[in-house]
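Fold and contact review
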Amino acid sequence: MASENSPLLAYRLLGEEGAAFPANGAGGAGGASARKLSTFLGVVVPTVLSMFSIVVFLRIGFVVGHAGLLQALAMLLVAYFILALTVLSVCAIATNGAVRGGGAYFMISRTLGPEVGGSIGLMFYLANVCGCAVSLLGLVEAVLDVFGADTTGPNGLHILPQGYGWSLLYGSLLLGLVGGVCTLGAGLYARASFLTFLLVSGSLASVLISFVAVGPRDISLTPRPGPNGSSLPPRVGHFTGFNSSTFKDNLGAGYAEDYTTGAMMTFASVFAVLFNGCTGIMAGANMSGELKDPSRAIPLGTIVAVAFTFFIYILLFFLSSFTCDRTLLQEDYGFFRSISLWPPLVLIGIYATSLSASMSSLIGASRILHALAQDDLFGVILAPAKVVSRGGNPWGAVLYSWGLVQLVLLAGKLNTLAAVVTVFYLVAYAAVDLSCLSLEWASAPNFRPTFSLFSWHTCLLGVASCLLMMFLISPGAAGGSLLLMGLLSALLTARGGPSSWGYVSQALLFHQVRKYLLRLDVRKEHVKFWRPQLLLLVGNPRGALPLLRLANQLKKGGLYVLGHVTLGDLDSLPSDPVQQQYGAWLSLVDRAQVKAFVDLTLSPSVRQGAQHLLRISGLGGMKPNTLVLGFYDDAPPQDHFLTDPAFSEPADNTREGGSPALSTLFPPPRAPGSPRALSPQDYVATVADALKMNKNVVLARACGALPPERLTRGAGGTSQLHHVDVWPLNLLRPRGGPGYVDICGLFLLQMATILGMVPAWHNARLRIFLCLGPREAPGAAEGRLRALLSQLRIRAEVQEVVWGEGAGAGEPEEEEGDFVNGGLGDAEAEALACSANALVRAQQGRSTGEGPGGPEGGDGEERPTTALTFLYLPRPPADPARYPQYLALLETLSHDLGPTLLVHGLTPVTCTDL
């Protein structure tokens, strides 16, 4: 049931002094003592800095200059609309319970399960790692643009040497600074972030004031190279101040070549650049393990940060459109420095935003990695990330992430990787929306977030928008990310994960199954779509494994229920013993690899328990229509757990989580000669009860002798050729004539045909034996049967055998319930059963196509044998006093026939119409 990871145990009721406090570990790394950050420092500041990044200083002119004000506003509205949809989902999930460390990963994994959550969490971690490297390399390039020795701009200082090695050195030094801050803990990171927030705010304030305070001026632009390598004449951009003509000129789009890359800009390319700068809404959620009250701080802080950045972007778009001509906007993306009252303050803002973005990415990555390591989804490879300091800081995860960022820095420029990083972020955003959508669609009673400004429409629109944006930014990266997510999910599925988190897929399945069960109307059943729905009664599964697997093959996509009756009276017991047995039976189903449900009951007798299961098993239109029982004979019980590879392997001796081995959960087989829980009288009465309830009945004998390859999942293409023999008439009441194929006979044919559709039985030959009366001409009945088989699309060999002399074939039938014709005495009935048994055994030893040279395969090849025999099961007698005689006749009839199914069908199951 619930574990320490369960939200049900996230908060204890009362502390020692009566105050509520978090349970151990509920606070993420380090527990409650690590939760120190407020909403402003823990969520608003990192989210604002991440959403601004370097775009707010170096790409405002790019967006407005190419797209114009109207399209730029449209892009901004679309981008923030997509982000707002995800923010609504984040707020809903964050206010639905206690949020531990790991941010988006925690929310996704605890909703969608470890397979999807772990794969997306790892991708989100890699996105943060690469995002940190991109921010650092962007910072290095921004520094070298001003201080680099090879700078060509008019304002270059030519101090720092340039080159790949130097850029790597500068990036590594900056990474050391960022890593040092993050290693010392979230408190120092929060103070450093607050300092950078003040610097960025001051820089933006100076820019906003400069738009108003600075008068019109001409700004020299960097010369662009000509077609032959020569420089084009110098160009000049104009800062006009607030000017209506400038505003009108900047309203419409004017896409041109990007002077930094030479590529022709389009709506999609400009939108991708703008959107790349806005993907920072999870920066605050990533700090969930350090927040004092994450369920309040994450929604409030994220919404405030999104609203603030949106307002600043809108303001900068308008100010740029009113004051800067198109040439300045398109040819100088860093024009803020040229119009600033104090240009160094703009540089400080650029460097501060880049540094803060790298810090936010690194500390967010370390928190995600620490959560992944604690959940132990990827094994020992992430074990170092579990190490924490006394204050709860996961410095092991920080160092791990620092090393990966250093490796990424070796790649140098990451222009193409930047799109991949954004796509990875969008995958995580789509997963958050999907998590919220799943919870809403599942209608789970425990999903009741205090934040209610969302609906399944917003969640669905958020998923679609994120997926669309992924393919708009980079189709290749989008397809690759989804493929990577699928591979990681498959890996985690194969490895297995904790089941205590809860799977929203189970809630969704329950919701959908309930809905469709209500629509599965039994009044609309049709024989064309009939399928066997089996209830197999099992006393001890140790002796019933072959039958359990054979019934799984007979179900043909229908319902399959394993039923078991525990003897007892609930009035005399302290608790229901059945509830503790379900785990063992479900483990049995898993280990045997059968697709079955389990239904257990407590009853004073097996017969009454069987009646209970026949009445109440299943639901709606999914109820068993066929009862399967093992045969009641004196054969000594076998323990198939000792010989079956699935149960004798070492994995069965040591179960996960210290649970007892499956072999110890079921008692050993009954000793030969020991009393049984079911008497012969009750056994036949159970069969009669099932027929009274209009259930078909299958009695299985000697299934342990079935060829092993016939009970496996694979096709038996290379196994020995076997026959499946069907005797579609009552051998204890033989009669010929045109009425020989009744409903029960057709039921036998259908069950045998269904078995032949299973891959393991594909190469088995179906043989149907047609019994002729003493006065019936050979060939006539066979022709009628072949015509019927053609109409039923059943491929089989038909063989005629003479049977029924002296059986009174022309006499009228007795009342329903008698099982021998003409009221024969016990001796005559026994003789008839012996004759029928000898007839069947003779046909089992006879192969089709015998010639003068002997049976088929007389040249030394192995002759085909009968693997399974289907016999017509007569109805039990109406008089319960004759039950023992009935069972004795069935014993004689099926004696020494090998694996045999005695079948009595009551319902029509075949149809010749399309």
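Quick caveat: nothing in here was measured; it's all calculated off a predicted structure.

Conventions we followed
Counting starts from 1 at the beginning of each chain's written sequence and moves along it residue by residue. Where local features are concerned, this predicted model is filtered to residues with pLDDT of at least 70; where side-chain atom pairs are given and counted, the filter is 80 or more; whole-chain, interface and lining totals use all residues. As a rule here, side-chain values cover all heavy atoms of the structure and leave hydrogens and water aside. Strands are runs of DSSP state E lasting at least two residues, helices are runs of H or I lasting at least four, and both sets are numbered from the N terminus onward. Three labels apply to residues, based on accessible area from a 1.4 Å probe with only protein chains included: buried if under 20% of the type maximum, exposed if over 50%, partly exposed otherwise in between. It only takes one pair of heavy atoms within 4.5 Å for two residues to be counted as in contact. Here the Shrake-Rupley method, with its probe set to 1.4 Å, supplies the accessible areas, and only the displayed protein chains count as covering residues. Here a patch means residues that are over 30% exposed by relative accessible area and free of salt bridges, tied together within 9 Å if like-charged and within 5 Å if nonpolar (Val, Leu, Ile, Met, Phe, Trp, Tyr). Think of a salt bridge as a Lys or Arg side-chain nitrogen and an Asp or Glu carboxyl oxygen that are within 4 Å of each other. Within this scheme the basic residues Lys and Arg register as positive and the acidic residues Asp and Glu register as negative, but His and the chain ends are omitted. Note that the charge is assigned to NZ on lysines, CZ on arginines, CG on aspartates and CD on glutamates. Every residue gets a pLDDT, meaning the predictor's confidence in that residue, from 0 to 100. As used in this record, nonpolar core signifies buried Ala, Val, Leu, Ile, Met, Phe, Trp, Tyr and Cys residues forming a set joined through side-chain atoms within 4.5 Å. Lines fitted to the C-alpha atoms define the axes, with helices restricted to the stretch that makes contact. Angles between their N-to-C directions range from 0 to 180 degrees. Relative orientations are named as follows: roughly parallel for angles under 35 degrees, roughly antiparallel for angles over 145 degrees, roughly perpendicular for angles from 65 to 115 degrees, and oblique for any other angle. For any helix crossing, the convention is left-handed if the near helix is rotated counterclockwise from the far helix by under a right angle, and right-handed if that rotation is clockwise. Under the scheme applied here, ten amino acids are nonpolar (Ala, Val, Leu, Ile, Met, Phe, Trp, Tyr, Cys and Pro), four are charged (Asp, Glu, Lys and Arg), and all others, including Gly, are polar. Here, any two strands with at least 2 DSSP bridges between them count as paired. Our arc is simply the arc of the directions from the helix axis toward the C-beta atoms. Criterion for a disulfide: a pair of cysteine sulfur atoms within 2.5 Å. Stacked, tilted and edge-to-face are the three classes applied to pairs of Phe, Tyr and Trp rings, where Trp contributes its six-membered ring and a pair requires centres within 6.5 Å; stacked means planes under 30 degrees apart, edge-to-face means over 60, and tilted covers the rest. In our convention, an over-ring charge means Lys NZ or Arg CZ found within 6 Å of a ring centre and within 35 degrees of that ring's normal.

**Some words on the overall build of the chain**
In terms of helices and strands, the chain carries 27 helices and 12 strands. By residue count, 52% of the 914 residues in the chain fall in the buried class. Considering only contacts within the chain whose residues lie at least 6 apart along the sequence, 80% involve residues at least 24 apart. Of the roughly 39800 Å² of accessible surface on the chain, 61% is carried by carbon and sulfur atoms.

**Digging into a positive patch on the surface**
A cluster of basic side chains, namely Arg514, Lys515, Arg519 and Lys524, defines a positive patch on the protein surface. Structurally, arginine 514 can be placed in helix H18 (residues 504-519). Of the residues examined, arginine 514 reaches a relative accessible area of 41% and is grouped as partly exposed.

**Points about the pattern of salt bridges**
Applying the stated criterion across every chain, the model contains seven salt bridges. Between glutamate 891 and arginine 701 there is a salt bridge; the shortest N-O distance is 2.9 Å. Placement of glutamate 891 in helix H27 (residues 883-893) and of arginine 701 in strand E7 (residues 696-701) is noted, with a sequence separation of 190 residues between them. With a relative accessible area of 26%, glutamate 891 lands in the partly exposed category.

**What about the confidence of the model for the chain?**
With 83% of its residues at a pLDDT of 70 or more, the chain has an overall mean of 81. Low pLDDT, under 50, characterises residues 806-818; the stretch is placed with 20 contacts to residues that sit more than four places away or in other chains.

**Looking at the nonpolar core**
One finds Phe211 and Phe317 to be the most contacted residues of the largest nonpolar core, which totals 151 residues. Considering every element that reaches this core, the biggest residue donor is helix H3 (residues 60-94), with 20 residues. Core analysis: the next-biggest nonpolar cluster, separate from the first, contains 67 residues, Leu588, Val589, Val758 and Leu772 among them.

**Quick notes on unusual backbone geometry**
A positive phi angle, near 60°, is found at alanine 702, a position not held by glycine. Here alanine 702 is to be found in the loop between E7 and strand E8 (722-727). The phi dihedral of aspartate 896 is positive, around 60°, even though this residue is not glycine. Topologically, aspartate 896 is positioned in the loop between H27 and strand E12 (900-904).

**A short note on the packing of helix H1 (residues 39-52) against helix H7 (residues 186-213)**
Relative to each other, H1 and H7 sit at 50°, their axes nearing to 10 Å. The orientation of H1 relative to H7 falls into the category oblique. Considering only the axes of H1 and H7, their crossing is left-handed. Only Tyr189, Ala190, Ser193, Phe194, Thr196, Phe197, Val200 and Leu204 of H7 make contact with H1, whose side of the interface consists of Phe40, Leu41, Val45, Pro46, Val48, Leu49 and Phe52. Looking at side-chain class alone, the contact of H1 with H7 contains 13 nonpolar, two polar and no charged residues.

**A look at the side chain of threonine 907**
On the secondary structure map, threonine 907 appears in the segment after E12. Not counting chain neighbours up to four residues away, the residues in contact with threonine 907 comprise Trp530, Asn694, Asn696, Ile743 and Phe747.

**Concerning the pairing of E7**
Counting buried positions over the six residues of E7 gives six, a clear majority of the element. Residues Asn696, Val698 and Ala700 line one face of E7 and the alternating positions Val697, Leu699 and Arg701 line the opposite face, and both faces are buried. In the sheet, strand E6 (residues 626-630) pairs with E7 via five bridges, with the strands oriented parallel. Looking across to E7, one finds that leucine 627 is bridged to valine 697. Relative to E12, E7 runs antiparallel, the two being bridged by five bridges. Looking across to E12, one finds that leucine 699 is bridged to leucine 902.

**Let's talk about the sheet that holds strand E5 (residues 597-603)**
Strand order in the open sheet formed by 10 strands is E5-E4-E3-E6-E7-E12-E11-E8-E9-E10, and the pairing between neighbours is mixed. Strands at the two margins of the open sheet, each flanked by one partner only, are E5 and strand E10 (797-802). Adjacent strand axes in the sheet meet at a mean angle of 25°, parallel and antiparallel pairs treated alike. Helix H25 (residues 780-791) rests against strand E9 (765-772) and E10 of the sheet, and its axis sits at about 150° to E10.

**Quick look at the packing of H7 against helix H10 (residues 294-323)**
Each pair of packed helices gets described by two things: the angle between the helix axes and the distance between those axes. Where H7 contacts H10, the axes come no closer than 10 Å and their chain directions differ by 30°. Taken together, the axes of H7 and H10 lie roughly parallel to each other. Read as a crossing pair, H7 and H10 show a hand that is left-handed. For the pair H7 and H10, the contacting residues are Leu204, Val207, Leu208 and Phe211 in the first and Ile312, Leu315, Leu316, Leu319, Ser320 and Thr323 in the second. Its residues assigned to classes, the contact of H7 with H10 shows eight nonpolar, two polar and no charged.

**Quick notes on a nonpolar patch on the surface**
A contiguous nonpolar surface patch, about 580 Å² in accessible area, is contributed by Leu195, Leu199, Ile209, Leu341, Trp342 and Ile348. In terms of residue count, the dominant contributor to the nonpolar patch is H7 (three residues). Positionally, leucine 199 belongs in helix H7. Residue classification places leucine 199 among the partly exposed positions, given a relative accessible area of 35%.

**Concerning the pairing of E6**
Regular strands place their side chains on alternate faces of the sheet. Judged by how many residues are buried, E6 sits mostly within the fold: four of five residues are covered. The pairing of strand E3 (residues 534-537) with E6 spans three bridges and is parallel. Among the inter-strand pairings, leucine 535 is bridged to a residue of E6, identified as leucine 627.

**What about helix H21 (residues 606-616)?**
All of the buried residues in H21 are Val606, Gly609, Ala610, Leu613 and Leu614. All buried residues of H21 lie within an arc of 135° about the axis, which places them on one face of the element. Residues of H21 that are exposed and angled more than 90 degrees away from the buried face: Arg615 and Ile616. On the buried face of H21, the contacting elements are E3, strand E4 (560-567), E5, E6 and helix H23 (680-692). Glycine 618, located one to two residues past H21, shows a positive phi value of around 85°.

**A closer look at the state of the cysteines**
Summed over the entire model, instances satisfying the criterion amount to zero disulfides. Sulfur of cysteine 132: no disulfide; nearest cysteine sulfur belongs to cysteine 182 and is 7.6 Å away.

**Quick word on the packing of aromatic side chains**
Considering all chains together, one arrives at 26 aromatic pairs under this definition. An angle of 85° between the planes, with centres 5.2 Å apart, marks the rings of phenylalanine 62 and tyrosine 333 as edge-to-face. Within this pair, whereas phenylalanine 62 is found in helix H3, its partner tyrosine 333 is found in the loop between helix H11 (326-331) and helix H12 (335-339), the two being separated by 271 residues in sequence. A single burial state applies to phenylalanine 62 and to tyrosine 333, both of which are buried. Look at phenylalanine 242 and phenylalanine 322: their rings are 6.0 Å apart centre to centre, the planes differ by 45°, and that puts the pair in the tilted class. Remark: phenylalanine 322 occurs in helix H10 and phenylalanine 242 occurs in the loop between strand E2 (236-239) and helix H8 (244-249); sequence separation between them is 80 residues. The ring of phenylalanine 62 has arginine 59 lying over it, and the distance from NZ or CZ to the ring centre is 5.9 Å.

**Structural notes on the environment of leucine 126**
Summarising the element assignment, leucine 126 is placed in helix H5 (residues 114-147). For the pair leucine 126 and tyrosine 425, spaced 299 residues apart in sequence, the C-alpha to C-alpha distance is 9.6 Å.

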